[in-house]
Amino acid sequence: SIVRLDAFSALVVVLSEAVTVHIYAWIGVPVSTSQAVVGAVLGVGLVKQASAVRFSVLGRIAIGWLATPLVAGAVSALIYFCAHLRYIG
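So, how was this worked out
- Residues numbered from 1 in each chain as written.
- Predicted model: local features only at pLDDT ≥ 70, side-chain atom pairs only at ≥ 80, totals over all residues.
- Heavy atoms only, no water.
- Core = buried A, V, L, I, M, F, W, Y, C linked by side-chain atoms within 4.5 Å.
- Buried < 20%, exposed > 50% of the residue type's maximum accessible area, 1.4 Å probe, protein only.
- Helix = DSSP H or I, 4+ residues; strand = E, 2+ residues; numbered from the N terminus.
- Contact = heavy atoms within 4.5 Å.
- Expected span 1.5 Å × (residues − 1).
- Bend = angle between axes of the 7 residues up to and from the residue.
- pLDDT = per-residue confidence, 0-100.
- Patch = residues over 30% accessible without salt bridge, like charges linked within 9 Å, V, L, I, M, F, W, Y side chains within 5 Å.
- Areas by Shrake-Rupley, 256 points an atom, 1.4 Å probe, with all protein chains shown as cover.
- Salt bridge = Lys/Arg side-chain N within 4 Å of Asp/Glu carboxyl O.
- Axes fitted to C-alpha atoms, helices over the stretch in contact; angles between N-to-C directions.
- Parallel < 35°, antiparallel > 145°, perpendicular 65-115°, else oblique.
- Left-handed = near helix turned anticlockwise from the far one by under 90°.
- Nonpolar A, V, L, I, M, F, W, Y, C, P; charged D, E, K, R; others polar.

1. Digging into the nonpolar core
Move 1: Residues I2, V3, V13, V38, A40, V41, V44, V53, V57 and L58 constitute the largest nonpolar core, which totals 10 residues.
Move 2: For this core, the elements supplying multiple residues, two or more each, are α2 (33-48) and α3 (55-83).
Move 3: By residue number, the principal contributor to this core is α2, which donates 4 residues.
Move 4: In this view, V38 contacts I2, L58, I61 and W65; residues no more than four positions away in its chain are not counted.

2. A few points about α3
Side chains that are three or four residues apart share a direction in an α-helix, a result of its 3.6 residues per turn.
Move 1: Taking 1.5 Å of rise per residue, the 29 residues of α3 would be expected to cover 42 Å, and the 42 Å separating its terminal C-alpha atoms lies within 8% of that figure.
Move 2: At A67, α3 shows its strongest bend, of approximately 30°, with the proline P69 following within four residues.

3. A closer look at the side chain of S9
Move 1: Of note, S9 is situated in helix α1 (residues 7-27).
Move 2: Given the relative accessible area of 7%, S9 is considered buried.

4. A word on the environment of V41
Move 1: Mapped onto the fold, V41 is located in helix α2.
Move 2: Sequence separation between V41 and V12 is 29 residues, and the spatial gap between their C-alpha atoms is 8.9 Å.
Move 3: If we ignore the near neighbours within four places in the chain, the residues touching V41 are I2, V3, L5 and V13.

5. Considerations on the confidence of the model for the chain
Move 1: Mean pLDDT for the chain: 93, with 100% of residues reaching 70 or above.
Move 2: Here α2 stands out as the element of the chain with the lowest mean pLDDT, 93, in contrast to α1, whose mean of 96 is the highest.

6. Regarding a nonpolar patch on the surface
Move 1: Taken together, V19, I23, Y24, W26, I27, V29 and V31 make up a surface patch of nonpolar side chains, about 690 Å² in accessible area.
Move 2: Its place among the elements puts I23 in helix α1.

7. Remarks on α2
Move 1: Along its 16 residues, α2 runs 22 Å from first to last C-alpha, staying within 8% of the 22 Å computed at 1.5 Å per residue.
Move 2: Among the residues of α2, those classed as buried are A36, V38, A40, V41, V44 and G45.
Move 3: For α2, the elements touching its buried residues are α1 and α3.

8. Topic: the packing of α2 against α3
Move 1: Interhelical geometry of α2 versus α3 gives an angle of 160° and a closest axis separation of 12 Å. If you check the angle between α2 and α3, you find them roughly antiparallel. The two elements α2 and α3 cross, and the hand of that crossing is left-handed. In this structure, α2 uses S34, Q35, V38 and L42 to contact α3, whose residues at the interface are L58, I61 and W65.
Move 2: Among the residues forming the contact of α2 with α3, the class breakdown is 5 nonpolar, 2 polar and no charged.

So, in structure tokens, the structure goes:
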């Protein structure tokens, strides 16, 4: 729901995502396909018309991208801490 896509724009998005992921895999750099798709959709939206882009949706996506590693780190630290508890008694 970032930008309304027609069939041709969706094809451009998928091809752009595929080329980007292929190039990064060829170089040896891991890349998220979801980030590549969001970037491609944003690029198509900016080419079509910048006012068509819903920046509030992009903001929520960016918050998710920032929060995910933080939450995963906190959960893994909690699991590690719980797994290494010792009974003192």
